[in-house]
Amino acid sequence: MPAAVPAPAVPTAPAASGADRPVPAAFLARFEVDLPRVGDDLLEPPFDLPPAAELPHFGGLDDLPRFAVVKVGWTPAGLAIACRVEGKSRKPEASAKAVSGGDGLHLWIDTRPTGTSHRAGKYCRRFALLPRVGRVGKPGVYESPIMKTGDASVAEPLPIPLQATVERGGDYELAAFLPAEQLPGFDPSRSTTIALHTVVTDGELGSQPLTVSEAFPTAHDPSLWTRAALSN
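Residues numbered from 1 in each chain as written. Predicted model: local features only at pLDDT ≥ 70, side-chain atom pairs only at ≥ 80, totals over all residues. Heavy atoms only, no water.

Draft legend 1. Focus on the overall build of the chain. Helix and strand counts for the chain come out as zero helices and 13 strands. Along the chain direction, N to C, the helices and strands of the chain fall in the order β-β-β-β-β-β-β-β-β-β-β-β-β. Counting only residues that meet the buried cut, the chain has 46% of its 232 residues in that class. Sequence-distant contacts, at least 24 apart, represent 67% of the contacts inside the chain between residues at least 6 apart. (Helix = DSSP H or I, 4+ residues; strand = E, 2+ residues; numbered from the N terminus. Buried < 20%, exposed > 50% of the residue type's maximum accessible area, 1.4 Å probe, protein only. Contact = heavy atoms within 4.5 Å.)

Draft legend 2. Inspection of the nonpolar core at higher detail. Counting 41 residues, the largest nonpolar core has Leu 35, Leu 129, Leu 178 and Val 200 as its most contacted members. Looking at this core, the elements that each hand over two or more residues are strand 2 (29–36), strand 3 (68–75), strand 4 (78–85), strand 5 (104–110), strand 6 (124–133), strand 10 (172–179), strand 11 (193–202) and strand 13 (226–231). Leaving out residues up to four positions away in the same chain, Leu 178 has contacts with Ala 77, Gly 78, Leu 79, Ile 81, Leu 107, Ile 109, Phe 127, Val 141, Ile 160 and Leu 183. Counting residues in hydrophobic clusters, the runner-up holds nine residues, among them Leu 42, Leu 49, Ala 82 and Phe 177. (Core = buried A, V, L, I, M, F, W, Y, C linked by side-chain atoms within 4.5 Å.)

Draft legend 3. Expanded view of the packing of aromatic side chains. If you walk through the whole model with that rule in mind, you get two aromatic pairs. The ring of Phe 27 has Arg 30 sitting right over it, with the charged end atom 5.5 Å from the ring centre. One cation-aromatic arrangement involves Arg 112 over Tyr 123; the distance from NZ or CZ to the ring centre is 5.5 Å. (Phe/Tyr/Trp six-rings, centres within 6.5 Å; stacked < 30°, edge-to-face > 60°. Lys NZ or Arg CZ within 6 Å of the ring centre and 35° of its normal.)

Draft legend 4. The sheet that holds strand 4, seen in detail. Ordered by their spatial adjacency, four strands build an open sheet running 3-4-10-9, and the pairing between neighbours is antiparallel. Looking at the sheet topology across the chains shown, the edges are occupied by strand 3 and strand 9 (162–166). Strand-to-strand twist of the sheet, defined as the mean angle between neighbouring strand axes without regard to direction, takes the value 10°. (Pairing = 2+ DSSP bridges. Axes fitted to C-alpha atoms, helices over the stretch in contact; angles between N-to-C directions.)

Draft legend 5. Geometry of unusual backbone geometry. That bond from Pro 45 to Pro 46 is cis: its omega, 10°, falls within 30 degrees of zero. Following the sequence through the fold, Pro 46 ends up in the loop between strand 2 and strand 3. Backbone geometry places Asp 63, a non-glycine residue, at a positive phi of 65°. Note that Asp 63 resides in the loop between strand 2 and strand 3.

Draft legend 6. Broad picture of the environment of Ile 109. As for its position among the elements, Ile 109 is in strand 5. Taking the relative accessible area as the measure of exposure, Ile 109 reaches 3% and is therefore buried. Linking Ile 109 and Arg 125, residues 16 residues apart in sequence, is a C-alpha distance of 5.3 Å.

Draft legend 7. Quick peek at the side chain of Lys 88. Here Lys 88 is to be found in the loop between strand 4 and strand 5. Polar contacts involving the side chain of Lys 88 include one to the side chain of Asp 202, which spans 2.9 Å. A polar contact of 3.1 Å, which involves the side chain of Lys 88, links it to the side chain of Glu 204. The residues touching Lys 88, leaving out its near neighbours within four places in the chain, are Gly 169, Gly 170, Asp 171, Tyr 172, Asp 202, Glu 204 and Leu 205. (Polar contact = N/O pair within 3.5 Å; in protein donor to acceptor, adjacent residues only side chain to side chain.)

Draft legend 8. How the structure looks around the environment of Asp 34. Tracing the chain through its elements places Asp 34 in strand 2. Judged by its relative accessible area of 38%, Asp 34 falls in the partly exposed class.

Draft legend 9. View of the environment of Pro 188. If you trace the backbone, Pro 188 turns up in the loop between strand 10 and strand 11. For the pair Pro 188 and Thr 75, spaced 113 residues apart in the sequence, the C-alpha separation amounts to 8.3 Å. Discounting residues that sit within four places of it in the chain, Pro 188 has contacts with Trp 74, Thr 75, Pro 76 and Leu 230.

Draft legend 10. Broad picture of the pattern of salt bridges. Counted under the stated rule, the structure contains eight salt bridges. Of the charged contacts in the structure, one is a salt bridge between Asp 40 and Arg 37, with a shortest N-O distance of 2.8 Å. For Arg 37, a relative accessible area of 38% gives the class partly exposed. A salt bridge links Arg 66 to Glu 54; the nearest nitrogen and oxygen atoms lie 2.9 Å apart. Of the two residues, Arg 66 is situated in the loop between strand 2 and strand 3 and Glu 54 in the loop between strand 2 and strand 3; the sequence distance between them amounts to 12 residues. Here the salt bridges do not stand alone but share partners, grouping Arg 84, Glu 86, Glu 167 and Glu 173 into one network. (Salt bridge = Lys/Arg side-chain N within 4 Å of Asp/Glu carboxyl O.)

As structure tokens, then:
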């Protein structure tokens with residue numbers, strides 16, 4: 001079960017403009033989740049992750065919208081990821097030249113979290129799982145550099161199979177397996193805790209972060225990511 005724990009020292013919340021604005025509830029706590037171990041044969045999609053793999057919507061504490069279900073499970077070989085988005089009236093879109101703003105699931109992972117470092121290190125990775133990219137609308141998995149400043153839209157396509165099903169109205173499902181080779185430091189036999197952050201981005205429905213919105217530096221500060229235990 002997810003649990004809230006006292007927040008460590010974290011960057012100052014963005015200053016309110018005009019009238020005083022309360023600090024978001026999801027900023028005042030640090031959350032922990034359990035990621036279930038799934039079948040070791042789930043090395044590529046399609047796969048059906050169990051209900052225990054569903055990530056909570058901590059952003060709901062601050063009335064951030066929810067239109068997607070995100071699931072994450074693990075095996076010794078890597079992480080199984082799945083997402084379903086509902087409520088759309090047009091198909092998702094993304095450009096290979098600017099994947100950071102594309103419709104899809106954006107995922108940050110730290111395989112050796114300290115909980116205190118505000119700088120993404122060698123164990124941190126940022127991925128974009130996009131159901132339709134370019135004019136052809138082919139699904140793809142991309143890795144973007146994690147930068148405090150600069151153009152984070154520059155991304156490299158990865159040779160990772162992504163299964164995506166887009167319905168006529170635009171709702172979609174996607175699933176991918178991120179192998180340990182793409183996750184430096186991932187070794188459940190030595191470290192059973194990782195940190196992650198997810199944002200489902202949609203040009204029609206908006207943005208659904210796991211915790212706080214992009215007003216906070218979640219794109220490059222791993223101390224704001226959610227700790228996740230690799231449970232059996």
